[in-house]
Amino acid sequence: MAVRFTVSRCPVDLDVQESSGVPWGATVVPFAAVDEHGRAPEHGGSAQLLPRCDTCWAYINYVCDVDKWAWTCALCGNLNGFSDDTSARYRSSQAPELLSSFIDFEMDEELPNPEDEDFEARPVFVAAVDLSASEEFLELVKSSLLAALEAIGPGSLFGLVTFSHKIGLYDVQGPIPVVKHIMIPADMDGRIPVDLEMAMPLSSFLAPVESNKEHIAAALETLKPTSSWERATAAGQGIEGVTMGGRGFGVAMDALIKYLGTEHGVTFAMARVFAFLSGPPDYGAGQLDTRRYGEQYASKRIDADKALLPEQTPFYKDLAANAAESGVCVDLFVITNEYTDLASLKYLSIESGGSLILYSNTDEATLPQDLYRMLSRPYAFGCVLRIRTSPEFKSARGYGHYFPDPQYENVQHIICCDQYATYAFDFEFSNSNGFTRNQDSPPVVQLAFQYSILVPHNDDARPLTTSRNHHNNSAVSSRQGYTLKRRLRIRTLQIGVAANYAELYESVEPEVILTVLTHKIIQASLEDGVKEARALLHDWLVILTAQYNEYNKLAQFGQPDNSNRVDATFSKCQPLQALPRHVFALLRSSLLRSHEEGVHPDHRIYLQCLFSALEPSYLLRAVYPVLSSYETPDKQAYPRHSLSRAALITSGSPIFFLDAFTSLIVYYAPTADPSLPFPPPQNCALRGMINKLKQERNITPKLLMIRGGYDNAEPFERYLIEEQDVDGSGVAIGMGFVSFLDQIAHDVVKFMK
Ligand SMILES: [Zn+2]
């Protein structure tokens, strides 16, 4: 579990927190195998023996004072007595929970054993495939699922369901697949006539993976797009002459979630649905009206970004609630360049703990790699994340892909997560005194993360790992399945307090601030539109700059003329210096560029979902890509350049490499020596770097190779943002970031007046 704070020392009180201009919060990667310093957790035995505070329910930890008969809670200061058993434990041994801030405990819950014939204890994977699709789409989905089957561990169950104007349920437990079809009613609130369980019992639908791989492959081979006449007949005339795709996705997912769950909760230890969608749901309940994309917003004086970002129906949000309650996680893979209204659909994936991935065409889609790697990674499921703090402050708001507990504050349910999934919190003071009253006991944050995991039988200590290789079936069959374990992971952090502004500014972590800001502006753009979110971010930087100048007595509030004195580059405080550039890049990113600049609303939603689960260093790469240069494919010249044309030219390097998280670009300058091999050869240092980055990422980045002077260089040049105008208006006059800083300084002067 990696935890990082926006400021490594807390603000001392409400006044400092509010007037410093620095956001106060943290990012948490609960299932990361190591902490933020790269250290693995200690193993703490059974969680049942772990004493908890009578007052605040925090777990005993390394910051607590422990006596013979009692311990003092480091969070709330309560004195708690030990029972006889626990007293003996804490007297005789150095318990790991008193030594380490990061510990995993076993929860000795009665868990069903997947080894037994117990059907419901097994992990379940269901592929839901759109048949109102093209041949190319289905070919891509088939090859991805064949790859995925190799990554699904033995002991798992697999089901195949299709949807169009009807639902197709497959029984793949024999050489010839049996399909049962259920028609979907065309009307907006229609329900299917029978429950799926009536059409096909779950035990026929869900097939043990290891004994049915060939049958599943054979069933996949039979998938064909529904013919256009078949769709037209089902859809009737369509609405006002609009051709309908006959894609009854909403009804199919609703029925599937009910099928896999029960009326009152979880059936399976873990159920994961991979839904493959080739366009907007346009048939039956849950259909989305895509005509809103074609509206003439500009002529109606409506902010298109504001109009297209909220959901048009609560259907998929409600469905996500059902999925979360049933312990079903939905991963949504959307492969289309059509407007699909991800703004409405996204909830189904992100609130059920799944991913939302958008590919704009089948040719460039890295779906097979992404799906295979998603399944090969260790993942935790049925998770509960709880944050506790010292009473002087509290977590005010959580961000990320979780489902909030309907009853308890600061309790978040995560149906499924991997080691990358990142969540963020905002802190606020409980009262204006802050930490001034109780200076002997520094602030403490404790995170408790309960989760289930599949542990291979022959290796109890290690979770389900990636060591299996796609082409090596023997390795798969040598493992005889997995045991289900429930664990409790505890992380306790004691934080220092910054006595004054200088200490607070010096303790700033720019990447983490960028992450918390990104969450806030995504929230703001969903609620008030992109223009408002841009204004919010701009104002935030103005306020921070003003406070910094006031504190350093460079420019001061209420003074008539500050104009020559404002320092918008934070020249006296190194940690703050990165922030103006980050804000500028965020304003230039697809999250905040306007509809008029050609940002597709679905792409924006996709990026919002992607960015709001990224760990700070990855998010920074996505917002402000890393540009390095090479003398030859084997020899790096400079590890870092600013994203400017000028920097490229003055460096004189022939080869540049850009890492923008979702894309990797190799760019040969037009002046590069023609004897340099292009593309870079397979075994060179640059290729090594590319392969390493591809391996360690949760989604496979797209790789582009561009030769300046021969190929279209636009895909590379658009990342050189520093000469671009911040609002994309007019022709860039080469002032970009420089004039942005001038503007900030100007606004600071105005603000301070
Ligand atoms: Zn306590």
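An unreviewed UniProt entry lists the protein chain under the name Sec23/sec24 transport family protein, with Sphagnum jensenii given as the organism. According to the UniProt record, the Sequence similarities (unreviewed entry) comment for the protein chain reads "Belongs to the SEC23/SEC24 family. SEC24 subfamily."

Let us look at the overall build of the protein chain. When helices and strands are tallied, the protein chain shows 23 helices and 29 strands. Relative to a compact globule of 753 residues, whose C-alpha radius of gyration would be 27 Å, the protein chain shows 28 Å and is just as compact. For the C-alpha atoms alone, the extent of the protein chain along its principal axes is close to 80 × 75 × 55 Å. The burial tally for the protein chain puts 58% of its 753 residues in the buried class. Restricting to contacts in the protein chain with at least 6 residues of sequence separation, those with at least 24 account for 76%. When the accessible surface of the protein chain is summed, it comes to about 31000 Å², and 50% of that surface belongs to carbon and sulfur atoms. Between the mean site of the 63 positive side-chain charges and the mean site of the 92 negative ones, the protein chain shows a separation of 3 Å.

Attention shifts here to the packing of aromatic side chains. Within this structure, the stated rule accounts for 33 aromatic pairs. When the ring of Tyr505 is compared with that of Tyr548, the centres are 6.0 Å apart and the planes differ by 65 degrees; the resulting orientation is edge-to-face. Taken together, the residues span a long stretch of sequence, with Tyr505 in helix 14 (residues 501-506) and Tyr548 in helix 16 (residues 530-551) at a distance of 43 residues. For Tyr548, a relative accessible area of 1% translates into the label buried. Each member of the aromatic cluster is reached from another via a ring pair, and the members are Phe5, Trp24, Phe393, Phe427, Phe429 and Phe435. Note that Arg89 overlies the ring of Tyr90, its terminal NZ or CZ placed 5.4 Å from the centroid. For Arg272, the ring lying beneath its charged end belongs to Tyr379, and the centroid distance is 5.1 Å.

Attention now goes to the coordination of the zinc ion. With distances of 2.3 to 2.4 Å, the protein atoms coordinating the zinc ion are Cys53 (SG), Cys56 (SG), Cys73 (SG) and Cys76 (SG). For the zinc ion, the 4 donor atoms in the first shell make angles of 100 to 116 degrees at the metal, so the coordination geometry reads as tetrahedral. Donor residues binding the zinc ion come from one chain and are separated in sequence as C-x2-C-x16-C-x2-C. Taken together, the residues span a long stretch of sequence, with Cys56 in the loop between strand 4 (42-46) and strand 5 (65-66) and Cys73 in the loop between strand 6 (70-72) and strand 7 (79-81) at a distance of 17 residues.

Looking now at the state of the cysteines. The tally for this structure, following the rule as stated, stands at 0 disulfides. The structure places no disulfide on Cys10, whose sulfur is separated from the nearest cysteine sulfur, that of Cys73, by 16 Å. With relative accessibility at 1%, the residue Cys10 sits in the buried group.

A few words on the UniProt feature "domain: Sec23/Sec24 helical" (unreviewed entry) in the protein chain. Per the UniProt record, the feature "domain: Sec23/Sec24 helical" (unreviewed entry) sits at residues 510-620. With 60% helix and 0% strand, residues 510-620 has its two end C-alpha atoms placed 9 Å apart.

With that settled, the discussion passes to the environment of Ala128. The residue Ala128 is located in strand 9 (residues 123-130) in this model. On the basis of relative accessible area, Ala128 is assigned to the buried category, the value being 1%. Measuring from C-alpha to C-alpha, the distance between Ala128 and Phe393 comes to 45 Å, with 265 residues separating the pair along the chain. Other than its neighbours up to four places away in sequence, Ala128 contacts Val161, Phe163, Met253, Leu256, Val273, Phe274, Ala275 and Phe276.

Moving on to the sheet that holds strand 22 (residues 444-456). One open sheet holds the 7 strands; their spatial order is 4-8-23-22-17-20-19, and the pairing between them is mixed. The sheet terminates laterally at strand 4 and strand 19 (403-404), the two strands that pair on one side only. Two strands pair when backbone bridges link them, and strand 22 and strand 23 (residues 482-494) are joined in this way by 13 bridges, in the antiparallel orientation. Bridged to Tyr451 within strand 23 is Arg487.

What follows concerns the pattern of salt bridges. One pass over the structure, following the stated rule, counts 29 salt bridges. Measuring nitrogen to oxygen at the nearest pair gives 2.9 Å for the salt bridge that ties Arg487 to Glu106. Taken as a pair, Arg487 in strand 23 and Glu106 in strand 8 (residues 102-107) lie far apart in primary sequence, 381 residues in all. Overall, Glu106 belongs to the partly exposed group, its relative accessible area being 24%. Glu139 is the salt-bridge partner of Lys142, the closest N and O atoms lying 3.5 Å from each other.

One open sheet holds the 5 strands; their spatial order is 26-25-27-28-29, and the pairing between them is mixed. If you trace the sheet from one side to the other, it starts and ends with strand 26 (635-641) and strand 29 (702-707), each paired once. Across the sheet, the axes of successive neighbouring strands diverge by a mean angle of 20 degrees, strand direction being ignored. Relative to strand 29, strand 28 (residues 663-668) runs parallel, the two being bridged by 6 bridges. Looking at strand 29, one finds that Ile665 is bridged to Leu704. Those strands touched by helix 21 (residues 685-695) are strand 25 (626-632), strand 27 (655-659), strand 28 and strand 29, and its axis lies near 5 degrees from that of strand 27.

This part covers the packing of helix 11 (residues 342-350) against helix 18 (residues 601-611). One can describe the packing of helix 11 onto helix 18 by two numbers: an axis separation of 10 Å at closest approach and a directional angle of 25 degrees. Here helix 11 is positioned roughly parallel relative to helix 18, judged by the angle of their axes. Here the hand of the crossing between helix 11 and helix 18 comes out right-handed. For the pair helix 11 and helix 18, contact is made by Leu342, Ala343, Lys346 and Ile350 and by Asp602, Ile605, Tyr606, Gln608 and Cys609, respectively. Residue classes in the contact of helix 11 with helix 18 are distributed as 6 nonpolar, 1 polar and 2 charged.

Turning our attention to unusual backbone geometry. Omega for the bond connecting Phe678 with Pro679 falls within 30 degrees of zero, at -10 degrees, which places this linkage in the cis form. Mapped onto the elements of the fold, Pro679 is located in the loop between strand 28 and helix 21. With phi around 60 degrees, Asp341 is a residue other than glycine that occupies positive phi space. Considering the arrangement of structural elements, one finds Asp341 in the loop between strand 15 (328-335) and helix 11. Phi at Phe570 is positive, roughly 55 degrees, even though this residue is not glycine. With respect to the secondary-structure elements, Phe570 resides in the loop between helix 16 and helix 17 (579-588). Take Phe570: its relative accessible area is 0%, and that puts it in the buried class.

Definitions and cut-offs
- Residues numbered from 1 in each chain as written.
- Predicted model: local features only at pLDDT ≥ 70, side-chain atom pairs only at ≥ 80, totals over all residues.
- Heavy atoms only, no water.
- UniProt positions renumbered as here; feature names shortened; annotations may be inferred.
- Helix = DSSP H or I, 4+ residues; strand = E, 2+ residues; numbered from the N terminus.
- Rg over C-alpha atoms; globule rule 2.2 N^0.38 Å.
- Buried < 20%, exposed > 50% of the residue type's maximum accessible area, 1.4 Å probe, protein only.
- Contact = heavy atoms within 4.5 Å.
- Areas by Shrake-Rupley, 256 points an atom, 1.4 Å probe, with all protein chains shown as cover.
- Lys, Arg positive; Asp, Glu negative; His and termini not counted.
- Charge placed at Lys NZ, Arg CZ, Asp CG, Glu CD.
- Phe/Tyr/Trp six-rings, centres within 6.5 Å; stacked < 30°, edge-to-face > 60°.
- Lys NZ or Arg CZ within 6 Å of the ring centre and 35° of its normal.
- Donors = N, O, S within 2.8 Å, 3.2 Å for Na, K, Ca; no water.
- Tetrahedral: all angles 85-135°; square planar, octahedral: opposite > 155°, others 65-115°.
- Disulfide = S-S within 2.5 Å.
- Pairing = 2+ DSSP bridges.
- Salt bridge = Lys/Arg side-chain N within 4 Å of Asp/Glu carboxyl O.
- Axes fitted to C-alpha atoms, helices over the stretch in contact; angles between N-to-C directions.
- Parallel < 35°, antiparallel > 145°, perpendicular 65-115°, else oblique.
- Left-handed = near helix turned anticlockwise from the far one by under 90°.
- Nonpolar A, V, L, I, M, F, W, Y, C, P; charged D, E, K, R; others polar.

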